[in-house]
Every structure is written in C-alpha cells, then in structure tokens.
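Report on the structure
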Amino acid sequence: MTEVGSSFRARVIPCLLLDGFGLVKTVRFKERTYLGDPVNTVRIFNEKGADELVLLDINASRAHDEPNYDLLAEIASEAFMPLGYGGGIRTLDQIRKILGLGYEKVVLNTHAGRNPDFVSEAAAVFGRSTIVVAVDVFRSRFGATEVRVLSGTQKLAQDPVSYATDMARRGAGELLVTSIDREGTFKGYDLGLISTISSAVSVPVVANGGASSVRDFTSAIAAGATATAAASMFVFNGRHRAVLITYPSEAQLSAAIAVAGS
Amino acid sequence: VASGPEIVIGVLDYGVGNVASMLSMFRRIGVSASRVSRPDQVAEAAALVLPGVGAFDDVVTRFRASGLLEPLRERVIEDGVSLLGICVGMQMLTEASEEGAEPGLGWVPGRVTALASRVDPALRLPAMGWFYVDQLRGGVLPVMEERQRYYFVHSYAVDCHDPADVAATVDYGSPVTAAIRRGTICGTQFHPEKSHRFGVALLSAFAAEAASMSQPGAVDD
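We now turn to the structure provided with this report. (Residues numbered from 1 in each chain as written. Chains lettered and ligands numbered in written order. Predicted model: local features only at pLDDT ≥ 70, side-chain atom pairs only at ≥ 80, totals over all residues. Heavy atoms only, no water.)

1. A look at empty space enclosed by the protein
Residue and element names in this part refer to chain A. For the coordinates displayed, the defined rule picks out four cavities of 30 Å³ or more. As for the largest cavity, its lining consists of 39 residues, and the residues nearest its centre are Leu17, Phe29, Leu56, Ile58 and Asp136. Taken together, the residues of the lining of the largest cavity sort by class into 16 nonpolar, 17 polar and six charged. (1 Å grid on protein atoms, 1.4 Å probe; cavity = no way out; pocket = protein on both sides within 12 Å on 5 of 7 lines; lining within 4 Å. Points joined across faces, edges and corners; volume = space filled by probe spheres on them. Nonpolar A, V, L, I, M, F, W, Y, C, P; charged D, E, K, R; others polar.)

2. Here we look at the interface of chain A and chain B
Each partner contributes to the interface: chain A provides 45 residues, whereas chain B provides 36 residues. Each partner contributes to the roughly 3100 Å² buried at the junction of chain A and chain B, and carbon and sulfur atoms together form 51% of this total. Our enumeration of links across chain A and chain B arrives at 15 residue pairs in polar contact (both at pLDDT 80 or more). At the level of elements, helix 4 (92-100) and helix 6 (117-126) of chain A are the ones that each hand at least two residues to the side of chain A that touches chain B. For the side of chain A that touches chain B, the class distribution of residues is 19 nonpolar, 16 polar and ten charged. (Contact = heavy atoms within 4.5 Å. Buried area = accessible area lost by both parts, 1.4 Å probe. Polar contact = N/O pair within 3.5 Å; in protein donor to acceptor, adjacent residues only side chain to side chain. Helix = DSSP H or I, 4+ residues; strand = E, 2+ residues; numbered from the N terminus.)

3. Examining the packing of helix 1 (residues 19-28) of chain B against helix 5 (residues 196-213) of chain B
Residue and element names in this part refer to chain B. It is at 10 Å that the axes of helix 1 and helix 5 come closest, and there the two elements cross at 80°. When the axes of helix 1 and helix 5 are compared, the pair comes out roughly perpendicular. On the side of helix 1, the interface is formed by Met22, Met25, Phe26 and Arg28, while helix 5 contributes His196, Gly199, Val200 and Leu203. For the contact of helix 1 with helix 5, a count of residues per class yields five nonpolar, two polar and one charged. (Axes fitted to C-alpha atoms, helices over the stretch in contact; angles between N-to-C directions. Parallel < 35°, antiparallel > 145°, perpendicular 65-115°, else oblique.)

4. Considerations on the packing of aromatic side chains
The description of two aromatic rings rests on the distance between their centres and on the angle between their planes. Scanning the model with the defined rule gives twelve aromatic pairs over all chains in all. Summarising the aromatic geometry, the rings of tyrosine 14 of chain B and phenylalanine 63 of chain B are spaced 5.0 Å apart at their centres and angled 70° between planes, so their arrangement reads as edge-to-face. You can see tyrosine 14 of chain B sitting in the loop between strand 1 (8-12) and helix 1 and its partner phenylalanine 63 of chain B sitting in helix 2 (residues 56-65), a full 49 residues away along the chain. The class for phenylalanine 63 of chain B is buried, based on a relative accessible area of 0%. The ring centre of tyrosine 69 of chain A lies 4.2 Å from the NZ or CZ of lysine 97 of chain A, which sits over that ring. Over the aromatic face of phenylalanine 138 of chain A sits the side chain of arginine 148 of chain A, whose NZ or CZ is 4.1 Å from the ring centroid. (Phe/Tyr/Trp six-rings, centres within 6.5 Å; stacked < 30°, edge-to-face > 60°. Buried < 20%, exposed > 50% of the residue type's maximum accessible area, 1.4 Å probe, protein only. Lys NZ or Arg CZ within 6 Å of the ring centre and 35° of its normal.)

5. Observations regarding the sheet that holds strand 3 (residues 47-50) of chain B
Residue and element names in this part refer to chain B. Spatial ordering of the open sheet is given by 2-1-3-4-12-11-10-7-8, a layout of nine strands whose pairing is mixed. Looking at the sheet topology across the chains shown, the edges are occupied by strand 2 (32-36) and strand 8 (149-154). Put simply, the sheet's adjacent strands are angled 30° from each other on average, direction ignored. Here strand 7 (residues 127-135) pairs with strand 10 (residues 166-171) via three bridges, running antiparallel. Following the sheet pairing, aspartate 134 is matched in strand 10 by threonine 169. Of the strands in this sheet, strand 1, strand 3, strand 4 (82-86), strand 7, strand 8, strand 11 (175-182) and strand 12 (185-188) touch helix 5, which is tilted by about 155° from strand 4. (Pairing = 2+ DSSP bridges.)

6. Describing the sheet that holds strand 5 (residues 96-97) of chain B
Residue and element names in this part refer to chain B. Ordered in space as 5-6-9, the three strands form an open sheet in which the pairing is mixed. The strands lining the two open edges of the sheet, one partner per strand, are strand 5 and strand 9 (156-160). By the bridge criterion, two bridges tie strand 5 to strand 6 (residues 110-114) in an arrangement that is parallel. Directly across from serine 97, in strand 6, lies its bridge partner valine 112.

7. Let's talk about the layout of surface pockets
Taken as a whole, the largest pocket encloses approximately 690 Å³ of empty space. As for the largest pocket, its lining consists of 40 residues, and the residues nearest its centre are Phe126, Ser129 and Thr130 of chain A together with Val53 and Gly54 of chain B. The dominant element in the lining of the largest pocket, judged by the number of residues it contributes, is helix 6 of chain A, at four residues. Residues of the lining of the largest pocket, tallied by class, amount to 19 nonpolar, 13 polar and eight charged. Those elements that place two or more of their residues in the lining of the second largest pocket are strand 4 and helix 5 of chain B. When residues of the lining of the second largest pocket are assigned to their parent elements, the largest contribution, four residues, is made by helix 5 of chain B. Partitioned by chemical class, the residues of the lining of the second largest pocket number nine nonpolar, three polar and two charged.

8. Focus on the side chain of arginine 149 of chain B
Tracing the backbone shows arginine 149 of chain B in strand 8. Engagement of the side chain of arginine 149 of chain B in a polar contact is seen with the side chain of glutamate 250 of chain A, the distance being 2.9 Å. Setting aside chain neighbours within four positions, we find arginine 149 of chain B in contact with Arg9, Asp51 and Glu250 of chain A together with Trp130, Phe131, Tyr132 and Phe198 of chain B.

9. Things to note about the pairing of strand 4 (residues 53-57) of chain A
Residues and elements named next belong to chain A. Most of strand 4 sits inside the fold, with five of its five residues counted as buried. The side-chain alternation of strand 4 yields two buried faces, one formed by Leu53, Leu55 and Asp57 and the other by Val54 and Leu56. Bridge count for strand 1 (residues 12-19) against strand 4 is four bridges, and the pairing is parallel. In the sheet register, leucine 18 faces strand 4, and the bridge partner there is aspartate 57. Of the pairings in the sheet, the one linking strand 4 to strand 5 (residues 83-86) comprises four bridges and is parallel in character. Each bridged residue has a counterpart across the sheet, and for leucine 55 the counterpart in strand 5 is tyrosine 85.

10. Side note on the nonpolar core
Core analysis: the biggest nonpolar cluster contains 81 residues, and Ile9 and Tyr172 of chain B have the highest contact counts within it. Counting residues per element, this core draws most heavily on helix 5 of chain B, at eight residues. Core analysis: the second largest hydrophobic core is formed by 75 residues, Leu72, Ile98, Tyr163 and Ala211 of chain A among them. (Core = buried A, V, L, I, M, F, W, Y, C linked by side-chain atoms within 4.5 Å.)

11. Some points on the pairing of strand 10 (residues 174-179) of chain A
All names here are of chain A. Judged by how many residues are buried, strand 10 sits mostly within the fold: six of six residues are covered. Here six bridges tie strand 7 (residues 131-139) to strand 10, and the two strands are oriented parallel to one another. Residue pairing across strands places valine 137 opposite serine 179, the latter belonging to strand 10. The parallel pair strand 10 and strand 11 (residues 205-208), bridged by helix 8 (residues 191-200), forms a crossover whose chirality is right-handed. (Right-handed = clockwise from strand over helix to strand, strands pointing away.)

12. Side note on the pattern of salt bridges
Any two side chains of opposite charge can pair, on the condition that their charged atoms come close. Here the structure, examined in full by the defined rule, presents 28 salt bridges over all chains. Put simply, arginine 32 of chain A and aspartate 19 of chain A hold a salt bridge, and the shortest N to O gap is 2.9 Å. Here arginine 32 of chain A is found in strand 3 (residues 30-36), whereas its partner aspartate 19 of chain A is found in strand 1, with 13 residues between them in sequence. One salt bridge connects arginine 35 of chain B with aspartate 13 of chain B, and the closest N-O pair in it is separated by 2.8 Å. Of this pair, arginine 35 of chain B sits in strand 2 while aspartate 13 of chain B sits in the loop between strand 1 and helix 1; the two residues are 22 residues apart in sequence, bridging distant segments of the chain. (Salt bridge = Lys/Arg side-chain N within 4 Å of Asp/Glu carboxyl O.)

Structure follows, in structure tokens:
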C-alpha cells in the first residue's frame with residue numbers, strides 16, 4: 001500500500017471523543033474515563049505535529065443535540081492540521097456550518113445508517129473527500145460481525161462489507177472502520193476486518209480500535225488500511241494509565257510506516 | 001514577517017472553503033488578515049487568498065454569484081496584486097475541469113483533470129494525507145532546510161499548458177501539480193493552512209512578498 005512514488009506516508013490520526021464539553025476515553029464504547037479539556041489537548045497534538053485529528057461527540061446523536069459549535073470553533077482555532085468532526089449530524093446545513101468553522105471533514109454514523117441517501121446528498125454538495133462514514137463493527141466471540149450505529153447501541157441489518165461498499169458507492173470519501181470490541185483494549189486492530197473491508201472498497205480506509213503501539217500501525221497498513229487512528233495509546237501512559245498526551249515522532253512513524261522509494 | 005509595511009491579506013469568503021482556518025493561521029503568524037465578502041473590500045487588501053473546497057461547478061458558480069469576481073479580476077489581472085488560490089480555489093484559476101461543466105476563470109492556461117487515470121493504483125482516491133513535494137522553481141514554496149510536506153485532499157489536479165507555471169509537484173507514481181505560479185498568481189493544491197510549520201512558512205513567505213511589493217520604491221532596493 002505504500003508503493004506510491006516517494007512522497008507518501010500513511011496518516012496516523014488521534015481520534016478524540018467528546019462527551020458534551022469534556023474529552024473522554026471509552027473501552028468497548030463504554031466505561032468512560034474523563035481526560036480533560038479538549039482545547040488544551042488539541043493544542044498539545046498541534047504542537048506535536050499530529051497528521052490529522054478526528055473529534056467525535058459520542059453523546060450528540062443519542063441526546064439529539066446540535067453539535068457544540070462554540071467548542072468546535074475554539075478547537076479549530078488551535079489546530080493547524082486537518083480536522084474531522086462527527087456526532088449528531090443530520091442536515092446539510094449542519095455540515096456547512098461545521099466546515100465553516102475550519103473542519104475539512106465530517107463523520108457520519110447514525111444518520112448515514114438510517115438514511116443512506118443522506119450520504120449521497122452530502123457528497124454531491126460538499127464533495128466526496130469531505131464525507132467520512134464511520135463504520136462501527138462489533139465482532140462476537142464466535143467471530144460473527146455486525147454493523148452498529150448510535151454509539152454502538154443499535155444493530156444494522158447489513159453486514160460490514162456490504163455496508164462499507166454501499167457507503168463508498170453512495171459517496172463516502174473515506175471510511176473510519178472501528179472495532180467496537182477492541183476499542184480501548186490495547187489488543188491491536190481487527191486485522192481481518194480491516195483486510196476484508198479494504199479489499200472490498202476503493203476509497204481510503206482508516207483502521208481504528210485497539211492500537212497499542214506503532215507496530216499496530218505497521219500491521220494495519222499491511223492489512224490494507226490507508227491510514228490508522230488511535231486514542232488510548234496517545235492519551236494514556238504507563239501501567240496505571242495516567243493521562244499523558246503523546247504522539248510518535250516523525251522518525252518513529254517513518255520507520256513504522258515506510259515511505260516508499262525515498 | 002520581519003520587515004515591510006503593515007499590510008492586510010484579504011481572504012475571500014464566498015461561502016465555501018476554509019476561511020476560518022486561513023484567518024487563524026495568519027493570526028498565528030502575526031499577519032493581519034481579514035475576511036473579504038463584499039466587492040468593495042477587495043481593493044483594501046494588499047494580497048488575496050482564494051480558498052475553495054467542494055465540487056468544481058458548485059465552487060465556481062458560488063464564486064461568480066458572490067460579486068467578488070470582477071473586483072478580484074481588476075486587482076489581480078490589472079493591478080498585479082498577489083493572489084494565492086488554495087485547492088479548488090487554485091483549480092478554478094484554470095480554464096475548465098473534467099469534474100464539471102462550468103468554465104474556470106481562465107487566468108492560468110491549463111485545465112483540471114481526474115487523478116484516477118494517471119496515478120499509482122495503490123493510491124486510494126481521494127488522495128488524502130501528507131505528501132512530500134518536489135520544488136521545480138521558486139516563488140511559492142518557502143525556503144526551508146528540511147524536506148517539505150503538506151496536507152492534500154483531492155481527486156483532481158491542475159495540468160498547466162505552460163510547464164513554466166508549475167512550481168512544485170507531488171509524486172503519485174507520476175508527477176502531479178502541487179503548486180503553480182504565473183506572474184503574481186500562485187496556487188497550491190495542498191492546504192497550507194492545515195500543514196503545521198510548513199504552512200506557517202509558506203504563508204509567511206506569501207505575506208512577506210506582498211509586503212515588499214506594496215512598499216513604494218521597493219524595486220529600487
């Protein structure tokens with residue numbers, strides 16, 4: 001996947017969860033730990049030169065809340081890197097407003113699952129590269145997989161591959177594929193899932209859920225992911241999981257995710 | 001921007017593109033910049049930035065409807081003021097795009113073509129992420145000691161009719177236009193406002209050049 005001229009290194013994306021005003025981290029979409037102030041955290045990731053940031057408000061859809069535009073604007077003013085936002089997005093006007101605050105991408109999940117035509121409409125107006133669909137997948141102990149929306153609480157009928165294919169066909173410019181059962185566990189990505197979805201679609205696939213080290217990035221890219229996302233490994237440190245914001249150096253990333261040819 | 005007179009960079013706001021991020025970035029580098037959304041504001045700026053995100057036809061149509069086109073043409077084409085087009089804001093400066101049916105502004109000879117037919121198949125489209133760029137000639141990229149990389153998001157790219165207009169390329173298996181410069185018109189396919197220290201350096205250099213151009217007698221130095 002990295003054999004693209006001599007100019008490319010896969011992106012590594014901190015994926016931060018918002019719970020109203022605060023930053024939280026979950027395990028398997030549950031067990032919320034409060035991390036702190038999102039603006040300050042974003043400022044630190046900015047100083048560390050993170051490739052890109054994704055912010056997901058995990059309450060907005062369930063609470064039927066509007067995105068917290070004031071907070072999103074404050075975060076964007078600190079971030080000189082690409083930004084994506086997801087959570088509670090149901091209308092084109094909301095998307096226009098979020099892009100106007102300084103975000104490149106919006107992440108659709110619940111509304112995309114319930115109303116797939118919205119993905120097509122949004123892509124037609126804002127361009128494919130603006131529209132990310134979050135594909136949250138739960139794998140049971142017996143290996144069966146299912147797509148879920150509404151912060152992992154509601155199952156969809158389609159299987160992950162046909163759902164991903166459908167979303168890409170409708171205009172999703174990128175898929176954020178998260179393993180619900182690995183999220184926050186440090187057990188590594190669900191490489192089988194990443195591989196299956198990556199080979200079924202032609203749009204970029206971002207692996208998310210379970211990363212514990214840069215070695216996991218290497219594995220995800222080898223499995224077909226275009227980019228990798230992580231949270232716990234960037235916000236927790238040490239055995240006791242103290243909150244400490246870190247991000248790998250360019251040298252570490254280049255070594256883990258080889259830049260071809262250069 | 002160390003020397004030169006105090007200038008204001010105008011960021012054209014016609015409802016698309018990342019005006020807020022551009023203003024934040026100029027604020028961070030200590031350059032005065034303001035949102036330009038009315039035709040009469042265009043003349044107040046010493047240099048202009050034309051952002052653009054979205055589908056080509058939608059962007060061009062909105063820009064034409066904004067009333068900003070004619071004053072911008074006067075400033076850039078007649079007065080020779082510096083212009084920096086970003087992403088679709090750069091693509092729009094050419095004559096046409098395969099992505100749509102609307103004509104471009106036609107200020108830079110060339111057209112916009114789909115990446116799909118000419119890049120390494122391993123590159124998923126839209127091409128999205130940080131890419132190292134190769135400078136062909138000066139005038140857009142800043143002078144930096146380290147190899148420069150920028151954030152790109154696109155499925156289409158500019159093909160200049162005059163190769164001398166291409167300032168930098170990105171290697172997607174074959175070279176693709178990353179930055180252009182023709183006279184005082186510049187463009188970047190990538191997003192300097194989202195490219196950390198590299199974008200800081202590029203926009204600082206753009207502002208510094210605008211400041212030096214607006215200084216009376218600068219040519220005599």
